[in-house]
Amino acid sequence: MNEHMPIYVGGHAIVEFIKFCKANDHEKFLLVADKNTYKILGERVHDAIKAEGWDILHIILDPEALHSDSVTLSRVFAVYDGQPRLFIGVGSGTITDTARFTSHRSRNPFVSFPTAASVDAYTSVNAPVTIGELKGSIYCQAPIGIFTDLPTIVQSPKWLTASGFADLVSKFTSSADWKYTNLIWGADFVPDIYERAYNAAKSASEVIDGIASHDAESMTTLMQGQFASGFCMADFGNSAPASGGEHHIAHIWEMMFHWEGKEGLYHGNAVGVATIMQAEWYERLRATSKEEAQALLNRAVIPSRATQEAQLRKVLPKIAEELIESNPIYMRMADSEVLEKVKHNIIAHWEEIQAIAALVPEASQFRAWFRKLGAPTTPQEIEISEEQARVARDYGHYLRERFSINNIRHLFGWE
């Protein structure tokens, strides 16, 4: 799995980091943290670097209303002095993505010091950032090393762990969506990466009790699963193995919060709630026979491209033009030849489609896992209104090049 970087998980992360720097001649740094992560770990990293007599710049961001967006990225660039430096991200998702993006765009490497098991993208090459009004997963780079202080992870807030667990077990649905995209749409697919993404989710689900109690061994398993998921994205070159329809729904909710100036929606929590939605659709798919699927497809009607464009401009005006320009799959199915090919592929691969669906846990299982960790299970619990839930559910399939279960739901005419 890991042919890319050294990864350390244990009680001597800073010591190992200093050894790494000496072995690789790193003597200039830019440390990115927020006030909380600097206090719990970043300050110790900073002091260790200073003790070596090395050159370090740092930026300590305010954790309130902190996002990996154009404002935060600009603040880091304002501190950066243009010299070759090793960027250090001390934090979880937002800090890591900020360090990933700014280091890549300034042509510098970066390392990660995770402070919580809250996301699955520490090892990813992609940075989910918001530029303007649109949140997208932008290709950047993976870290050249990850140094995980296990005591910090064990002592991290349990609600952050719950969010990270939900993000990781969403790989049950995202990996299935990816395989559907290959079978139905003909997109690139790598079986080994698919198996690794699925097993990353499975490994975490098998130690749910230990994760609930923040047992060190179980937390290590969770972190390793998150690293594995990130490697799947890095190895494939984009987020397809670990980001399916559930992420697209969640991204719309996250953008809605951003548009309204609201705070408090954590990525993993949003993904977890959307994963439950997808699991329900997978259950419905498992209960559908080949003959029933054929009948549903025979009645399928795809709105014209003009109709879809008009609806997107009405419902999601802030991002409609970007979505239309991306030429999403569902819009391309307005072409009758494309639609017929899709219908053919679904029926031709029906047995495989059902076998994939059988590997997705039931919605009730996801709910039980999330409740054990104190994670939300409904849109209302994450302050998403019924209308916002409906919009994300009904338009999430426009966000990425995936033939997700949400696309199948639309074809079958399911509510």
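In this text the structure is predicted, and so the values were computed from the model without any measurement.

Cut-offs used in this document
Residues numbered from 1 in each chain as written. Predicted model: local features only at pLDDT ≥ 70, side-chain atom pairs only at ≥ 80, totals over all residues. Heavy atoms only, no water. Helix = DSSP H or I, 4+ residues; strand = E, 2+ residues; numbered from the N terminus. Rg over C-alpha atoms; globule rule 2.2 N^0.38 Å. Buried < 20%, exposed > 50% of the residue type's maximum accessible area, 1.4 Å probe, protein only. Contact = heavy atoms within 4.5 Å. Areas by Shrake-Rupley, 256 points an atom, 1.4 Å probe, with all protein chains shown as cover. Lys, Arg positive; Asp, Glu negative; His and termini not counted. Charge placed at Lys NZ, Arg CZ, Asp CG, Glu CD. Phe/Tyr/Trp six-rings, centres within 6.5 Å; stacked < 30°, edge-to-face > 60°. Lys NZ or Arg CZ within 6 Å of the ring centre and 35° of its normal. Salt bridge = Lys/Arg side-chain N within 4 Å of Asp/Glu carboxyl O. Core = buried A, V, L, I, M, F, W, Y, C linked by side-chain atoms within 4.5 Å. Pairing = 2+ DSSP bridges. Right-handed = clockwise from strand over helix to strand, strands pointing away. Arc of directions from axis to C-beta. Polar contact = N/O pair within 3.5 Å; in protein donor to acceptor, adjacent residues only side chain to side chain.

Quick notes on the overall build of the protein
Item 1. Within the protein one finds 21 helices and eight strands.
Item 2. Relative to the globule expectation of 22 Å for 415 residues, the C-alpha radius of gyration of the protein, 21 Å, shows essentially globular dimensions.
Item 3. Over its C-alpha atoms, taken along the principal directions, the protein stretches across nearly 70 × 40 × 35 Å.
Item 4. Across the 415 residues that make up the protein, the buried fraction comes to 58%.
Item 5. Here the contacts in the protein between residues at least 6 apart in sequence split such that 79% fall between residues at least 24 apart.
Item 6. With the model as given, the accessible surface of the protein reaches about 16300 Å², and the carbon-plus-sulfur share is 49%.
Item 7. When the 38 basic and 52 acidic side-chain charges of the protein are each reduced to a single mean position, those positions are 2 Å apart.

Topic: the packing of aromatic side chains
Item 1. Counted under the stated rule, the structure contains 24 aromatic pairs.
Item 2. Ring centres of phenylalanine 172 and tryptophan 369 lie 6.0 Å apart, and the angle between their planes is 20°; on these two criteria the pair is classed as stacked. Taken together, the residues span a long stretch of sequence, with phenylalanine 172 in helix H7 (residues 171-185) and tryptophan 369 in helix H19 (residues 363-373) at a distance of 197 residues. Each member of the pair, phenylalanine 172 together with tryptophan 369, is buried.
Item 3. Each ring, one from phenylalanine 189 and one from tyrosine 194, has its centre 5.6 Å from the other, and the planes form 50°; the classification is tilted. The pair phenylalanine 189 / tyrosine 194 is uniform in exposure class, with both members buried.
Item 4. A network of ring pairs unites the aromatic residues Phe17, Phe20, Phe29, Trp54, Phe113 and Phe147 as a single cluster.
Item 5. Between arginine 105 and the ring centre of phenylalanine 101, over which it is positioned, the NZ or CZ distance is 4.6 Å.
Item 6. For lysine 179, the ring lying beneath its charged end belongs to tyrosine 194, and the centroid distance is 4.7 Å.

Here we look at unusual backbone geometry
Among all residues except glycine, the phi angle is most often negative; among peptide bonds, the trans geometry is most common.
Item 1. One non-glycine residue with positive phi stands out, namely arginine 107, at about 65°.
Item 2. Mapped onto the elements of the fold, arginine 107 is located in the loop between helix H4 (93-105) and strand E5 (110-114).
Item 3. Owing to a relative accessible area of 80%, arginine 107 belongs among the exposed residues under this scheme.
Item 4. Look at glutamate 383: it is not a glycine, yet its phi comes out positive at around 60°.

Some points on the pattern of salt bridges
Item 1. Summed over all chains, the structure comprises 23 salt bridges.
Item 2. One salt bridge connects aspartate 209 with lysine 372, and the closest N-O pair in it is separated by 3.2 Å. With aspartate 209 in helix H9 (residues 208-212) and lysine 372 in helix H19, the pair connects residues that are 163 residues apart, well separated along the chain.
Item 3. Overall, the relative accessible area of 53% leaves aspartate 209 in the exposed class.
Item 4. A relative accessible area of 45% places lysine 372 in the partly exposed class.
Item 5. Between arginine 313 and glutamate 321 there is a salt bridge, and its shortest N-O distance comes to 2.6 Å.
Item 6. Take arginine 313: its relative accessible area is 39%, and that puts it in the partly exposed class.

Overview of helix H21 (residues 405-412)
Item 1. In terms of burial, H21 is a largely internal element, seven of the eight residues being buried.
Item 2. All of the buried residues in H21 are Ile405, Asn406, Asn407, Ile408, Arg409, Leu411 and Phe412.
Item 3. Directly after H21, the chain includes glycine 413, whose backbone phi takes a positive value near 75°.

Topic: the nonpolar core
Item 1. Residues Phe165, Tyr180, Trp253, Leu285, Leu411 and Phe412 are the most contacted members of the largest nonpolar core, which totals 91 residues.
Item 2. Not counting chain neighbours up to four residues away, the residues in contact with leucine 285 comprise Tyr180, Trp350, Ile353, Gln354, Ala357, Ile405, Ile408, Phe412 and Trp414.
Item 3. By size, the runner-up hydrophobic cluster in this structure holds 23 residues, among which are Phe29, Leu41, Val45 and Ile88.

A look at the pairing of strand E3 (residues 55-61)
Item 1. Pairing analysis gives seven bridges linking strand E2 (residues 28-34) to E3, with the strands arranged parallel. Across the sheet, residue leucine 30 finds its bridge partner in E3, namely leucine 57.
Item 2. For the segment spanning E2, helix H2 (residues 35-51) and E3, crossover handedness is right-handed.

Details of helix H3 (residues 70-79)
Item 1. Of all the residues in H3, the buried ones are Thr72, Leu73 and Val76. The buried side chains of H3 occupy one side of the element, clustering within an arc of 100° when seen end-on. Looking at H3, the residues exposed on the side facing more than 90 degrees away from the buried face are Val71 and Ala78.
Item 2. In this fold, the buried residues of H3 make contact with E2, E3, strand E4 (86-91), H4 and strand E6 (126-131).

Notes on the pairing of strand E1 (residues 7-10)
Item 1. By the alternation rule, side chains of E1 split into Tyr8 and Gly10, which are all buried, and Ile7 and Val9, of which none is buried.
Item 2. As judged from the four bridges shared by E1 and strand E8 (residues 146-149), these two strands associate in the parallel manner. Of the residues in E8, the one forming a bridge with tyrosine 8 is phenylalanine 147.

Examining the side chain of aspartate 120
Item 1. Inspection of the secondary structure puts aspartate 120 in the loop between E5 and E6.
Item 2. Classification of aspartate 120 by relative accessible area gives buried; the value is 4%.
Item 3. Engagement of the side chain of aspartate 120 in a polar contact is seen with the side chain of lysine 171, the distance being 2.6 Å.
Item 4. Setting aside anything within four residues of it in sequence, one finds aspartate 120 in contact with Asp167, Leu168, Lys171, Gln226, Ser229, Gly230, Met233 and Ala242.

Fair warning: the whole summary comes from geometry, so function is off the table for now.
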